[in-house]
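Results of the structural survey
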Amino acid sequence: MLERGVILPKRRSCLAKRLDEMMTEGELKISPRALRLLQDLREEWASLDRRIGSYDDELAALTRDDEQARRLATIPGIGTINATALLAAVGDASAFAKGRDLAAWLGLTPRQHSTGGKTKLLGISKRGNKYLRTQLIHGARSALVHFTKRQTPIGAWVRQMLTRAHPNVVVVALAAKLARIAWAVLRHGRDYDHGPAMA
């Protein structure tokens, strides 16, 4: 459209609104063939939005109907997508002896290098389920502010970590902690406990 002198906003919602206005009001000064092509693309875009919406509704229904998914969704940073993805990937987490094993399987724990009796922690291993690791990191990033404002043990841990590490490092560490919490919720069959408020 820019090649034809039509300037449109970049943001998705603004673009859709402005494009629909221009197409219905006949403001577009383009050939009928280009207009037909644009209408086809806009219909395809709307169809994809409807399909994505129906998938979102299906995942929300699955989370509401499944007891384990509902429990996982009580954890800050783990919503509908993360809860259903965790259940699909790990089930009841019985394959993992402890929460650290799940975090390591997801690639959220640091690699270790030992020489001469000295152990050095490197970056995360990035092994395992890449999709789930990415989703947990995004969830941890969104929950970081939630935890920093809470006077709970995890909130204190996050605030203390932020004083000595880069925020991205803290986000990954929080994602590993969320994986451990998810393991505990799945294995013990209880809702997430936010912990006692600290004085």
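Residues numbered from 1 in each chain as written. Predicted model: local features only at pLDDT ≥ 70, side-chain atom pairs only at ≥ 80, totals over all residues. Heavy atoms only, no water.

1. A few points about the overall build of the protein
Tallying secondary structure elements over the protein gives eight helices and two strands in all. Across the protein, helices and strands are ordered from the amino to the carboxyl terminus as α-α-α-α-α-β-β-α-α-α. Dimensions of the protein along its principal axes, counting C-alpha atoms only, are 70 × 45 × 35 Å. Going through the 199 residues of the protein one by one, you find that 32% of them count as buried. Taking the contacts inside the protein whose residues are at least 6 apart along the sequence as the reference set, 52% of them involve residues at least 24 apart. Only carbon and sulfur atoms are counted for the fraction: they give 54% of the accessible area of the protein, which is about 12700 Å². Averaged over its 33 positive side-chain charges, the protein has a centre that lies 14 Å from the centre of its 19 negative ones. (Helix = DSSP H or I, 4+ residues; strand = E, 2+ residues; numbered from the N terminus. Buried < 20%, exposed > 50% of the residue type's maximum accessible area, 1.4 Å probe, protein only. Contact = heavy atoms within 4.5 Å. Areas by Shrake-Rupley, 256 points an atom, 1.4 Å probe, with all protein chains shown as cover. Lys, Arg positive; Asp, Glu negative; His and termini not counted. Charge placed at Lys NZ, Arg CZ, Asp CG, Glu CD.)

2. What about the side chain of T63?
The topology assignment puts T63 in helix α2 (residues 32-65). Once you skip the residues sitting within four places of it in the chain, T63 turns out to touch A69, R70, A73, T80 and T84.

3. Side note on the layout of surface pockets
Estimates place the volume of the largest pocket at around 320 Å³. Lining the largest pocket are 14 residues; nearest its centre among them are L108, P110, V169, V172 and A173. Contributing elements (two or more residues each) for the lining of the largest pocket: α7 (153-164) and α8 (167-188). For the lining of the largest pocket, the element with the most residues is α8, which contributes seven residues. Residue classes in the lining of the largest pocket are distributed as nine nonpolar, two polar and three charged. (1 Å grid on protein atoms, 1.4 Å probe; cavity = no way out; pocket = protein on both sides within 12 Å on 5 of 7 lines; lining within 4 Å. Points joined across faces, edges and corners; volume = space filled by probe spheres on them. Nonpolar A, V, L, I, M, F, W, Y, C, P; charged D, E, K, R; others polar.)

4. Structural notes on the packing of aromatic side chains
For any pair of aromatic rings, the description consists of the separation of the ring centres together with the inter-plane angle of the planes. Under the definition given, this model contains one aromatic pair. Pairing F96 with W105 gives two aromatic rings, centres 5.5 Å apart and planes at 55 degrees, and the pair type is tilted. For the cation-ring pair, R42 lies above W45, with the distance from its terminal atom to the ring centre recorded as 4.4 Å. One cation-aromatic arrangement involves K177 over W157; the distance from NZ or CZ to the ring centre is 4.5 Å. (Phe/Tyr/Trp six-rings, centres within 6.5 Å; stacked < 30°, edge-to-face > 60°. Lys NZ or Arg CZ within 6 Å of the ring centre and 35° of its normal.)

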